[in-house]
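Residues per chain, in single letters:
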Amino acid sequence: WTDHMSNLQPDTLPRKAHADKTAGPAPKIVNIGHGLGGDEYDPDYFSAFDENGVDTAHQVILLIGDSMLDGLGSRFVDYAAENGDEFHAVIWYGSNTMHWATTRDLEYHIQRVHPTFIIMSLGYNDLGYYNLEKRAEWIDVILRKFGKIPFVWIGPLPRRGLRDRRIVDIIHQKVGDKRFYDSSNTICARIDGTHPTLSSAAKWVDSIAQWMSTPGLTAHPIRMDYPSRNVNFHADEKHNMKYHGRK
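So, a few notes on the structure that sits alongside this text. (Residues numbered from 1 in each chain as written. Predicted model: local features only at pLDDT ≥ 70, side-chain atom pairs only at ≥ 80, totals over all residues. Heavy atoms only, no water.)

## Description of the packing of helix α1 (residues 69–82) against helix α6 (residues 198–212)
Logical step 1: At their nearest, the axes of α1 and α6 sit 8 Å apart, and the two run at 55 degrees to each other. Taken together, α1 and α6 sit at an angle that is classed as oblique. Of the two possible hands of crossing, α1 and α6 adopt the one that is right-handed. Between α1 and α6, the residues in contact are D70, G71, L72, S74, R75, F76 and Y79 and L198, A201, A202, W204, V205, D206, I208, A209 and M212, respectively.
Logical step 2: Here the residues of the contact of α1 with α6 are counted per class, giving 11 nonpolar, two polar and three charged. (Axes fitted to C-alpha atoms, helices over the stretch in contact; angles between N-to-C directions. Helix = DSSP H or I, 4+ residues; strand = E, 2+ residues; numbered from the N terminus. Parallel < 35°, antiparallel > 145°, perpendicular 65-115°, else oblique. Left-handed = near helix turned anticlockwise from the far one by under 90°. Contact = heavy atoms within 4.5 Å. Nonpolar A, V, L, I, M, F, W, Y, C, P; charged D, E, K, R; others polar.)

This is how it looks when you write it as C-alpha cells:
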C-alpha cells in the first residue's frame, strides 16, 4: 500500500465507519461548470460577490480527501444546508497525495458534479514520509486537476509521535496562504488517537468556515452562515484501503 520504505501505516477506518462505495441517496447532478476548469471555464461566471467581496452565489461544493472527512463532512453539510448549497463528499480511507494524483478519481468527480468550489482535506497520510520531492510533484498534479475552480486545502491535524511536518510546509507553499488552512495547532479530542470526535470536528470546521468566508484571508471567500440545524451526512462514495482508484 505504501510507496516508501517507511513502516508507517495509513490511517484506519474510524470506529463505526463503513467503507462502502456508495452511501446514502444518489447524488444530485446539476449542469454547473465546465468539467476540469479548462480555458472555457470562468469561475466568476457562477459567482455573485456582495459589497464585502464574499461570493453569495449558490455553490456546488465537493469535499474530497481521506478519513478525516467523516468528521469534517458531518459539519460541512450543516453549512451547506444553511446556505442553500449543493454538497457532495468523497472519502478515500488511507489516501494520500499519491492516490489522488495518480488516479482519475479527482477528474471523475469534477466531471460528475461540476463543482463551483472544492474543499480538500489531505496530508495526514503523507506525514512521516521522506520522498518529499515526489510528493511535491503529486501536489502539483492535484492542483492542475483543480484548474480554475476555487478551492481550499485543509492541512492535516498533528499526528501522534510524528514531529516532522515538512510535507505541511510544502503543501502550504504550493497552495498559498489564502487557499491553505493550517491545522497544525488545532487541538481535537480523538476517537482512536487519530480521528477527531464529532464535536471536536464540528469546532474544527467552524473555525475553517469562518476563515473561508472572511475577505482578505481567503482567495475566494464564500458565504458560510453559521448553521441553525444539523442534517444527516451521507458521502457520495466511500472507498476502503484496498481500493486502487480509477485508472
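## Some remarks on the pattern of salt bridges
Logical step 1: This model, assessed by the stated rule, comprises 11 salt bridges.
Logical step 2: Taking the shortest distance from any N to any O, the salt bridge between E137 and K134 comes out at 3.4 Å. With E137 and K134 both in helix α4 (residues 132–146), this residue pair falls three residues apart, about one helical turn.
Logical step 3: Residue D164 is joined to R166 by a salt bridge in which the shortest nitrogen-to-oxygen separation is 2.8 Å.
Logical step 4: Among the residues examined, D164 registers a relative accessible area of 24% and is labelled partly exposed.
Logical step 5: Each of the salt bridges in this network shares a partner with another, and the network as a whole consists of R75, D78 and D206. (Salt bridge = Lys/Arg side-chain N within 4 Å of Asp/Glu carboxyl O. Buried < 20%, exposed > 50% of the residue type's maximum accessible area, 1.4 Å probe, protein only.)

## Concerning the sheet that holds strand β2 (residues 86–92)
Logical step 1: Strands sit in the order β5-β4-β3-β1-β2-β6 across an open sheet of six strands; the sheet is parallel. The sheet is open, and its two edges are formed by β5 (180–181) and β6 (237–239), each paired on a single side.
Logical step 2: In this fold α1 packs onto β1 (60–65), β2, β3 (117–121), β4 (151–154) and β6, with an angle of close to 175 degrees to the strand it touches most, β2. (Pairing = 2+ DSSP bridges.)

## Description of the packing of aromatic side chains
Logical step 1: All chains considered together, the criterion is met by six aromatic pairs.
Logical step 2: A ring pair is formed by Y79 and Y226, whose centres lie 6.4 Å apart and whose planes are at 85 degrees; its orientation type is edge-to-face. One end of the pair, Y79, is in helix α1; the other, Y226, is in the loop between α6 and β6, and 147 residues separate them in sequence.
Logical step 3: Taking relative accessible area as the criterion, Y79 reaches 3% and is therefore assigned buried.
Logical step 4: Using a relative accessible area of 57% as the deciding quantity, one classes Y226 as exposed.
Logical step 5: A centroid spacing of 5.5 Å and a plane angle of 70 degrees characterise the contact between W92 and W100, whose relative ring orientation is edge-to-face. The same class applies to W92 and to W100, which are both buried.
Logical step 6: Through a chain of ring-to-ring contacts, the aromatic side chains of W92, W100 and Y243 assemble into a single cluster.
Logical step 7: In this structure, R135 is placed above the aromatic ring of Y129, and the distance from its NZ or CZ to the ring centre is 4.1 Å.
Logical step 8: Positioned above the aromatic ring of Y108, the side-chain terminus of R246 is 3.9 Å from the ring centre. (Phe/Tyr/Trp six-rings, centres within 6.5 Å; stacked < 30°, edge-to-face > 60°. Lys NZ or Arg CZ within 6 Å of the ring centre and 35° of its normal.)

## Structural notes on α4
Logical step 1: The terminal C-alpha atoms of α4 lie 21 Å apart, and with 15 residues this matches the ideal 21 Å at 1.5 Å per residue to within 8%.
Logical step 2: Those residues of α4 that fall on the buried side of the exposure criterion are L132, R135, A136, W138, I139, I142, L143, K145 and F146.
Logical step 3: Of the surrounding secondary structure, the elements contacted by the buried residues of α4 are β1, α2 (97–102), α3 (105–113), β3, β4 and α5 (166–175).
Logical step 4: G147 sits one or two positions beyond α4 and adopts a positive phi of about 60 degrees. (Expected span 1.5 Å × (residues − 1).)

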